[in-house]
Amino acid sequence: MNYLTAALRGTVAASIILVGATGAHAQNFVNVLTGGTSGVYYPLGVGLSNIYAENIDKVRTQVQSTKASVENLNLLQDGRGEIAFALGDSVAAAWAGDTEAGFPQKLDKLRGIAGIYPNYVQLVALQESGATTLADLAGKGVSVGAPASGTELNARAIMAAAGMSYDDLGKTEYLPFAESVELMKNRQLDATLQSAGLGVASIRDLSTSVPITVVEIPASIAETLGAPYQAATIPAGTYEGQESDVPTVSIANYLVTHSDVSDELAYQMTKLLFDNIETLTSSHQAAAQIKLESALEGMPIPLHPGAERFYREQGLIN
């Protein structure tokens, strides 16, 4: 898949915010790897960066906008970030060294911090396109997410489970969330698939600009795909004009670090996450779904020893 290779070799798509520098003698540096600025990873990353800057002694933090999961995990392996957001299926593929998913070799330095909130696969079409089911996308123009992104991996998997492929589409675009929405507003695309927390800014923007349909992804797709996919629901009223619940699938998100991060820093990053859920929720409502009791569910990689120390203190590990 040439576009995957090109994306991984290209320059990092970077919107970088420096937060909380404590001077030239800062002993710790935390680069938070997120996603596109119109997604959920980015505002949560900014919130997390602020929490770390205010509570970790002698730290300098940075927030980096990227192409999300796949790029984030490759950057961690290269030591070019200290903590990253990533989808569970991407993390599992990285640990396995799944070339087709964008990982030419096993990313053996990855270590787990926490399971956080679920990503909902949100497939949205222009109402005027008439698309209400996956099958209706045949012959339509669809954006499946940025190249080498977790969203695009989700799109491929879901279409395959539905007995379809990109060849069935009229046009396939590999675009980040915001760019996809702009093309839909201009009637240059019929639909976009976005894997994100509920209430993602890009789809909220689209729904207030043009009439949309949130397309059903039936529970049978989750059953076909199996873990880490689960049947889920996008509640009525999540987006403008969405009058009823819509079935979809969800995938857990994880915060991930790497083995070269010190045990103490990993401990602080884990502890401060759970000590500041309310503050983080003010950055994005998805943070309200982060629960200590489910932080270790389905973790596809080994925990960082610093994170493990925190969970032992909390009684989650004996």
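Up top is the structure these notes are about.
Quick caveat, the model's predicted, so the values are computed rather than measured. Position numbers for residues count from 1 along each chain, tracking the sequence in the order it is written. Reporting of local features is limited, given that this is a predicted model, to residues whose pLDDT is at least 70; pairs of side-chain atoms are given and counted only at 80 or more, and all residues count toward the totals for whole chains, interfaces and linings. Side-chain measures were taken over the full set of non-hydrogen atoms in the model, leaving aside hydrogen atoms and water.

The numbering of helices and of strands both runs from the N terminus, where a helix is a DSSP run of H or I of at least 4 residues and a strand a run of E of at least 2. A tally of regular secondary structure across the chain gives 11 helices and 11 strands. Radius of gyration here uses only the C-alpha atoms, and the compact-globule reference equals 2.2 Å multiplied by the residue count raised to the power 0.38. For 318 residues, the compact-globule formula gives about 20 Å, and the C-alpha radius of gyration of the chain, at 19 Å, lands near that figure. Dimensions of the chain, computed from C-alpha atoms along their principal axes, come out at roughly 55 × 40 × 40 Å. The classification of residues rests on relative accessible area computed with a 1.4 Å probe and restricted to protein chains. Under 20% of the type maximum is buried, over 50% is exposed, and intermediate values are partly exposed. Looking at the chain residue by residue over its 318 residues, the buried ones come to 54%.

The description of two helices packed together rests on the angle between their axes and the distance between the axes. With axes taken as lines fitted to C-alpha atoms, and helix axes fitted only over the stretch in contact, angles between N-to-C directions fall between 0 and 180 degrees. As a packed pair, helix α3 (residues 69-77) and helix α4 (residues 88-96) sit with axes 9 Å apart at the nearest point and diverge in direction by 40°. Viewed along their axes, α3 and α4 adopt a mutual orientation that is oblique. At the point where α3 passes α4, the crossing takes the right-handed sense. Seen from α3, the contacting residues are S69, V70 and L73; seen from α4, they are S90, V91 and A94. Taken together, the residues that form the contact of α3 with α4 break down as four nonpolar, two polar and no charged. Angular relationships are summarised with four words: roughly parallel below 35 degrees, roughly antiparallel beyond 145, roughly perpendicular across 65 to 115, and oblique for the angles in between. Should the near helix be turned anticlockwise from the far one by less than a right angle, the crossing is left-handed, and should it be turned clockwise, the crossing is right-handed. Contact definition: two residues touch when any of their heavy atoms are within 4.5 Å. Under the scheme applied here, ten amino acids are nonpolar (Ala, Val, Leu, Ile, Met, Phe, Trp, Tyr, Cys and Pro), four are charged (Asp, Glu, Lys and Arg), and all others, including Gly, are polar.

With that settled, consider the packing of aromatic side chains. Working definition: rings of Phe, Tyr and Trp (its six-membered ring) pair if their centres are within 6.5 Å, and the pair is stacked with planes under 30 degrees apart, edge-to-face with planes over 60 apart, and tilted otherwise. Within this structure, the stated rule accounts for six aromatic pairs. With 5.8 Å between their ring centres and 5° between their planes, F274 and F310 make a pair best called stacked. Separated by 36 residues along the polypeptide, F274 in helix α9 (residues 263-275) and F310 in helix α11 (residues 305-313) bring together distant segments of the chain. Classification of F274 by relative accessible area gives buried; the value is 14%. Looking at F310, the relative accessible area reads 3%, which means it is buried. For the pair F274 and Y311, a centre-to-centre distance of 6.3 Å together with 70° between the ring planes defines the contact as edge-to-face. Here Y311 lies in helix α11 and F274 lies in helix α9, a separation of 37 residues in the sequence.

Another aspect to go through is unusual backbone geometry. A cis amide bond links A227 with the next residue in sequence, P228, at an omega value of 10°. Unusually for a residue other than glycine, A68 sits at a positive phi of about 80°. Examined against the element boundaries, A68 turns out to sit in the loop between β3 (59-64) and α3. Taking relative accessible area as the criterion, A68 reaches 15% and is therefore assigned buried.

Inspection of the secondary structure puts R111 in strand β5 (residues 110-126). Although R111 is buried, it forms no salt bridge, and the closest oppositely charged side chain is D108 at an N-O distance of 6.6 Å. Charge assignment: positive for Lys and Arg, negative for Asp and Glu; neither His nor the chain ends contribute. Salt bridge criterion: a side-chain nitrogen from Lys or Arg within 4 Å of a carboxyl oxygen from Asp or Glu.

Our next topic: the side chain of T66. Structurally, T66 is set in the loop between β3 and α3. Within the local environment of T66, its side chain forms a polar contact with the side chain of N72, the two groups lying 2.6 Å apart. Polar contact is defined as a pair of N or O atoms within 3.5 Å, subject to the rule that within protein one atom must be able to donate a hydrogen and the other to accept it, and that residues adjacent in sequence are counted only when both atoms are side-chain atoms.

In plain words, nonpolar cores are sets of buried Ala, Val, Leu, Ile, Met, Phe, Trp, Tyr and Cys residues tied together by side-chain atoms within 4.5 Å. Formed by 99 residues in total, the largest nonpolar core has its most connected members in Y52, L73, I83, L273 and F274. In terms of residue count, β5 provides more of this core than any other element does, 11 residues in total. Ignoring anything within four residues of it in the chain, the contact list for L273 reads L48, A114, I116, L255, L280 and I290.

The next subject is the environment of L169. Turning to its location among the elements, L169 is positioned in the loop between α5 (150-161) and β7 (171-173). Note: C-alpha distance between L169 and V142 (27 residues apart in sequence) is 7.1 Å. Once you skip the residues sitting within four places of it in the chain, L169 turns out to touch L137, G139, K140, V142 and M159.

A separate point is the pattern of salt bridges. Applying the stated criterion to the full structure yields nine salt bridges. Note that K185 and E182 form a salt bridge whose closest N and O atoms lie 3.2 Å from each other. Note that K185 and E182 are positioned in helix α6 (residues 177-185) at a spacing of three residues, about one turn of the helix. When its relative accessible area of 22% is taken as the criterion, K185 is described as partly exposed. Of the charged contacts in the structure, one is a salt bridge between K185 and D205, with a shortest N-O distance of 2.8 Å. Taken together, the positions of K185 in helix α6 and D205 in helix α7 (residues 201-207) put the pair 20 residues apart, joining distant regions of the chain. The exposure class of D205 is partly exposed, given its relative accessible area of 30%. The network of salt bridges with common partners includes E182, K185 and D205.

With 13 residues, α9 extends 18 Å from end C-alpha to end C-alpha; this agrees with the ideal 18 Å at 1.5 Å per step. Turning to α9, its buried residues are L265, A266, Y267, M269, T270, L272, L273 and F274. By this rule, a helix spans an expected 1.5 Å times one less than how many residues it contains.

By the secondary structure assignment, H258 is in strand β11 (residues 246-258). For H258, a relative accessible area of 5% corresponds to the buried category. A C-alpha to C-alpha distance of 6.7 Å links H258 and Q77, two positions 181 residues apart in sequence.

Remember, this is a structural readout, not a statement about activity or role.
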